[in-house]
Amino acid sequence: MRQGKIFWSILKRTHADKIVTGFGMYFLISALVIMLAEPGIHRYGESIWYCFSVITTIGFGDFTAVTVIGRTASIILGLYGSSCLRSYQGLSPLITWKW
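Bear in mind that the values here come from a model prediction, so they are computed numbers and not experimental data.

Peer 1: Any chance you could break down the nonpolar core for me, citing the residues and the numbers?
Peer 2: When a protein is soluble and globular, its nonpolar side chains tend to lie buried together. Counting residues in each nonpolar core, the largest one holds 14 residues, and the members touching the most others are Phe23, Phe27, Ile34, Tyr50, Cys51 and Leu77. Taken together, the elements giving at least two residues each to this core come down to α2 (17–37), α3 (44–55) and α4 (68–96).

Peer 1: Got a sec to walk through the environment of Leu77? Specific residues and values, please.
Peer 2: Topologically, Leu77 is positioned in helix α4. Between the C-alpha atom of Leu77 and that of Ile55, which follows or precedes it by 22 residues, the distance is 6.5 Å. Apart from residues lying up to four places away in sequence, Leu77 is in contact with Phe23, Tyr26, Phe27, Ser30, Cys51, Val54 and Ile55.

Peer 1: Now, about the environment of Thr56: what can you tell me, with residues and values included?
Peer 2: Mapped onto the elements, Thr56 comes out in the loop between α3 and α4. In terms of polar contacts, Thr56 uses its side chain to reach the backbone carbonyl oxygen of Phe52, at 2.8 Å.

Peer 1: I'd like a description of the confidence of the model for the chain, backed by residues and values.
Peer 2: Chain-level pLDDT for the chain is 84 on average; 87% of the residues reach the 70-or-more range. Considering each helix and strand of the chain separately, the mean pLDDT is smallest for helix α1 (residues 2–13), with a value of 78, and largest for α3, with 93.

Peer 1: How would you summarise the environment of Ile55 if you had to cite specific residues and measurements?
Peer 2: Relative to the elements of secondary structure, Ile55 occurs in helix α3. Expressed as a C-alpha distance, the spacing of Ile55 and Leu79, which sit 24 residues apart in the sequence, is 7.9 Å. Every residue in contact with Ile55, bar those within four places of it in the chain, is listed here: Phe23, Phe27, Leu77, Gly81 and Leu85.

Peer 1: Could you give an account of the side chain of Ser74, naming the residues involved and the relevant values?
Peer 2: Here Ser74 is to be found in helix α4. Judged by relative accessible area, Ser74 falls into the buried class, the value being 10%. A polar atom in the side chain of Ser74 sits 2.7 Å from the backbone oxygen of Gly70.

About the cut-offs
- Residues numbered from 1 in each chain as written.
- Predicted model: local features only at pLDDT ≥ 70, side-chain atom pairs only at ≥ 80, totals over all residues.
- Heavy atoms only, no water.
- Core = buried A, V, L, I, M, F, W, Y, C linked by side-chain atoms within 4.5 Å.
- Buried < 20%, exposed > 50% of the residue type's maximum accessible area, 1.4 Å probe, protein only.
- Helix = DSSP H or I, 4+ residues; strand = E, 2+ residues; numbered from the N terminus.
- Contact = heavy atoms within 4.5 Å.
- Polar contact = N/O pair within 3.5 Å; in protein donor to acceptor, adjacent residues only side chain to side chain.
- pLDDT = per-residue confidence, 0-100.

Written out as structure tokens, the structure is:
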């Protein structure tokens, strides 16, 4: 619990909380767009799973984007997700430091 408060205070001080909030919103919105645009993804849970595999660059292959809208949303999500993960890696030494 204490590390969570420390993490959130670091995010606020570095203004990374806006990046995290924006990423979360874009993640959920792109999952909705992909669910509506892709013929092979029928449920929101499947779309969340697909978006998770995109941002973590795992790419299981059980779902793929075949439409231009889905592919564009996947590319933007992948770039946005990798930049957010890199910013978290930059903040991780601050989090593990003994306060």
